[in-house]
Every structure is written in structure tokens, then in C-alpha cells.
Amino acid sequence: MEAPSRESEKQDFPNSHGGRSAVGSSVLEGRARHWQLRTRRLEFGRLPLLMGIVNVTPDSFYDGGKYYDPKAAIEHALQLVAEGADILDIGGESTRPYATPVPVGEELRRVIPVITELAPKVNIPISVDTSKAEVAREAIAAGAEVVNDVTALRGDPEMLPVVAGSGAAVCLMHMQGTPKTMQDAPFYKDVLNEVGNFLAEVRSRAVAGGVSPDRIALDPGIGFGKRLEHNLALLRGIAEFHRLGCPLLVGPSRKRFIGELAGNMEADRLPGTVATVLFLAAKGVQIIRVHDVGAIRQALEVFASLGGIPDGKVPSPPGAST
Ligand code: HH2
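Before going into details, it helps to say that this report is about the structure given with it. Here the residue numbers are simple positions, counted from 1 along each chain's written sequence. Per-residue local features of the predicted model are confined to residues with pLDDT of at least 70, and side-chain atom pairs are confined, for both listing and counting, to 80 or more; whole-chain, interface and lining totals are unaffected and use all residues. Only hydrogens and water are set aside when side-chain values are computed; all heavy atoms of the structure are taken into account.

1. A short note on the site of the ligand
What counts, and what does not: Nearness is defined per residue: one heavy atom within 4 Å of the molecule or strand is enough. Each polar contact in these results corresponds to two N or O atoms within 3.5 Å; when the atoms are within protein, one needs to be able to donate a hydrogen and the other to accept it, and residues that are neighboring in sequence are counted only if both atoms are side-chain atoms. A 1.4 Å probe and the Shrake-Rupley method give the accessible areas. Residues count as covered only by the protein chains that appear here. Here the term cavity refers to a set of points on a 1 Å grid, laid over the protein atoms alone, in which a 1.4 Å probe fits but cannot get out; the term pocket refers to an open set having protein on both sides within 12 Å along at least five of seven lines, with lining residues being those that place an atom within 4 Å of a point. To be counted as sitting in a cavity or pocket, a molecule needs more than half of its atoms within 2 Å of that site's grid points. Under the convention adopted here, Pro, Cys and the residues Ala, Val, Leu, Ile, Met, Phe, Trp and Tyr are nonpolar, Asp, Glu, Lys and Arg are charged, and Gly plus all remaining residues are polar.
Lining the immediate environment of the ligand, one finds 18 residues, of which Ser60, Ser94, Thr95, Asp219 and Lys255 sit closest. At 3.0 Å from an oxygen atom of the ligand is found a main-chain nitrogen or oxygen belonging to Phe61. In this structure, Asp129 approaches the ligand through a side-chain N or O atom, which is 3.1 Å from a nitrogen atom. Protein contacts shield 98% of the accessible area of the ligand, which totals 480 Å² for the unbound molecule. When atoms are counted within 2 Å of each cavity's grid points, the one that captures over half of the ligand is the largest pocket. Grouping the constituent residues of the shell around the ligand by class yields 6 nonpolar, 7 polar and 5 charged.

2. Overview of helix α5 (residues 191-208)
To keep things clear, this is the line we draw: Runs of E in the DSSP output that reach at least two residues are strands. Runs of H or I that reach at least four are helices, and both are numbered from the N terminus. A helix's residues, less one, multiplied by 1.5 Å, set its expected span. Each residue's exposure class comes from its accessible area (1.4 Å probe, protein chains only) as a fraction of the maximum for that residue type: buried when under 20%, exposed when over 50%, partly exposed otherwise.
With 18 residues, α5 should cover 26 Å at 1.5 Å per step; its first-to-last C-alpha distance of 26 Å lies within 8% of that length. Counting buried positions along α5 gives 15 out of 18 residues, so the element sits mostly inside the fold. Looking one or two places after α5, you find Gly210, whose phi comes out positive at around 105 degrees.

3. Quick look at the packing of helix α8 (residues 270-282) against helix α9 (residues 293-305)
Selection criterion: Angles here are taken between N-to-C directions and fall from 0 to 180 degrees, while the axes themselves are lines fitted to C-alpha atoms, restricted in helices to the stretch in contact. Any angle that is under 35 degrees is reported as roughly parallel, and any over 145 degrees as roughly antiparallel; angles of 65 to 115 degrees are reported as roughly perpendicular and all others as oblique. The sense of a crossing depends on the near helix, which, turned anticlockwise from the far helix by less than a right angle, makes the crossing left-handed and, turned clockwise, makes it right-handed. Whether two residues are in contact is decided by their heavy atoms: any pair within 4.5 Å suffices.
Packing of α8 against α9 brings their axes to within 10 Å, and their N-to-C directions diverge by 45 degrees. Judged by the angle between their axes, α8 and α9 are oblique. Pair α8 / α9 crosses with right-handed handedness. On α9, the residues that touch Leu270, Thr273, Val274, Val277, Leu278, Ala281 and Ala282 of α8 are Ala295, Ile296, Ala299, Leu300 and Phe303.

4. A short note on helix α1 (residues 70-82)
The line we're drawing: To obtain the arc, one takes the directions from the helix axis to the C-beta atoms.
If you check α1, its first and last C-alpha atoms are 18 Å apart, about what 13 residues at 1.5 Å a residue would give, namely 18 Å. Looking only at α1, the buried set comprises Ala73, Ile74, His76, Ala77 and Leu80. Along the long axis of α1, the arc covered by the buried residues comes to 165 degrees, so they all point the same way. Structural note: α1 exposes Lys71, Glu75 and Ala82 on the side pointing more than 90 degrees away from its buried face. Of the residues trailing α1, Gly84 is marked for its positive phi of about 105 degrees.

5. Focus: the sheet that holds strand β7 (residues 169-173)
Under the convention used in this document: By definition, two strands form a pair when at least two bridges between them are found by DSSP.
The 8 strands lie next to each other as β8-β7-β6-β5-β4-β3-β10-β9, forming an open sheet whose pairing is parallel. On the outer flanks of this sheet lie β8 (216-219) and β9 (249-250), each paired with one strand and no other. In this structure, β9 lies alongside strand β10 (residues 287-290), joined through 2 bridges in parallel fashion. Bridge pairing in β10 links Leu249 to Ile287. Of the strands in this sheet, β3 (49-55) and β10 touch α9, which is tilted by about 165 degrees from β3.

6. Examining the side chain of Arg289
Turning to its location among the elements, Arg289 is positioned in strand β10. At 2.8 Å, the side chain of Arg289 and the side chain of Asp89 are in polar contact. For Arg289, the residues in contact, after removing those within four places along its chain, are Met51, Ile53, Asn55, Asp89, Asp129, Asn148, Leu249, Val250, Gly251, Pro252 and Ser253.

7. Points about the pairing of β7
Selection criterion: Here, the term right-handed applies to a crossover whose path from the first strand over the helix to the second runs clockwise when the strands point away from the viewer.
With respect to burial, β7 is a largely interior element, 5 of its 5 residues being buried. What you see with β7 is no split at all: Ala169, Cys171 and Met173 on one side and Val170 and Leu172 on the other are buried throughout. Between the parallel pair strand β6 (residues 146-149) and β7, the chain is carried across by helix α4 (residues 159-166), and the sense of this crossover is right-handed. Bridge analysis of β7 against β8 gives 4 bridges, and the strand direction is parallel.

Next comes the structure, spelled out in C-alpha cells:
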């Protein structure tokens, strides 16, 4: 992977221990209100937007092989739309630990026909989950509005110019290592701070390369080069990242940390996913990437009706006039 440029070394994620006092600040301080996509703008309300996952792969960790056939992938995507997905995320390469990279021709063969058929059929935006510039370019030409790049534009030197030149939105995710190595020995001194600094750095690099800041979403990368304690620290402290000023996108769906917390790696991880999504919604996270759109939408509606989600207004500090 390419080293970050000097421009990007500028770090502006305030140290959570010394930077500012929590007193008088809100979990929602700095929370982004919208995300500008290639042809439309997503406004964030009280409920997070749900990004429905469509894995056109034989080997994804949860649904590998289920939607490998393009027809099955398209049907599944339409089902997610019917269940209330706000964005579809279509991917042709598994990023699970120890996954082998997929050649570009094969990845194109998996995702492009699916995006080409879906784009004119659905009225929600399509995201392509790829780290390859050529796949991103073709996907955008076929109608994708967002590039979800788990390497945060560092995996392919052509990716930054492709995103900047197309006007697509982008999700920049934190990962320590690569999928092939990331779970070997994840190590952090202060995971919240290190991931925050990384996200500030890759955002600066994208902006310096011509991506407008309101097109960038940031993601702490749950499960990407992290042990249980790292995933928990990031989820618990997620609201700290609002001050980076970009929408937050989080992908906890059915991941390993849920099996670890349950003490049973074989158990169904949907209940733990629902609990995590409700927690993230209460912290003002704007976009959540999930496999089970219908079940999660129902849980969110009930949780919000019971008052579990803040209204998005940042309260004034005590004593301030309104
Ligand atoms: N997680 C996965 C894939 N892409 N993208 C973002 N932005 N954030 C995530 O947390 C994230 C992601 C892994 O999940 P899945 O797609 O279900 O599995 P696989 O990579 O095995 O296809």
C-alpha cells in the first residue's frame, strides 16, 4: 500500500484524554447532517440509514455463495429494498480475515452485471464495495453513487483520482494490515485515538486529492485488524468520531465480536447485531451496514418510538442563552 502523503500527516483528531472536556458537550456535537452523493444528497434524520449488503461472492463470512449467481444477487437486492434499505452495497470480493484477493476481471464479472441491472430498477443509491479503481470506474459508469473502499483509497493508486474525477461519494474505512494479515497480531496503544487520527489523515488526503469533504463518510472498520477489546472500545466511543465532521458508517453486522461476547461462536448473531445497531443509533451514527434490513428496521422503529434515539439537536451548554 502506498504511504500517506505529507499533506495527510496533518492530524486533527483531538486527543480524547487531553483535547476537550466532556462537560457541556453532547454525543452529537459536530454530527454531519448530510452526505453528498454523485447525483443526489442524503439527508440524515433521527434514524440511521441502513446500507443493505449484497455479497456477490462464493466466500463471504456470513452469506458466501448465497448470492453468487447474479440473478440471486439481484433478487436479494430487490428484497432488501422492499424491506426498507436506504442504500445497497454491492461487493464481489470478500474481506473476511485470511481471504485471498480476487483478480480484477473476476470482480468485474461478479459486480458489474448486478449493478447494471439494478441501477435503473431501484430508486435508492448503489454503493460498490471495492478497493480496485477499475471496478469502481466501471461500477460508477453502470450507475453506482458511492465507492466503499475498505483500504481508504490506499490500496490502488488510481482510486483517489477515479473517485475525485467522478464526483462519487466515498467511505474511508480503518484497517490495520490487509485482510490476509489483519487478524495475526492486532496491536494498539490507544485504539480510539489511533483510529481517529487515521480517519482524520485519510480524509485530509482525499480532500487534498480533490474529493469534496461532504462526499466523505468515515468508518472505524469493526473487525478489520482488531481484537474484541479494540472493537468494543471503538463501538463504545463511536460518538467521539462525530467531531471529524463527516457522516459515520459502521459495519457490525453478524461479526465475530458478537459470537465472542455471547461465548458461542456458532450462535445466530442477529440478536447481537440488533443490540449493536440500537446502541449506534442512540449515538447518532448516520449509516449502518447490515445484512438483515427488515429485522433491523423494525427494531429501530420501535426503539425510536420509545424515545431511545436523541433528536439530533445539540443542547446548549448550561447557562448559555438560547
Ligand atoms: N465490513 C465488511 C465488508 N465491507 N465496508 C465497510 N465500510 N465497513 C465494514 O465494516 C465492512 C465493509 C465485511 O462484511 P461482509 O461484506 O458481510 O463480509 P465479506 O467481506 O466476507 O464479504
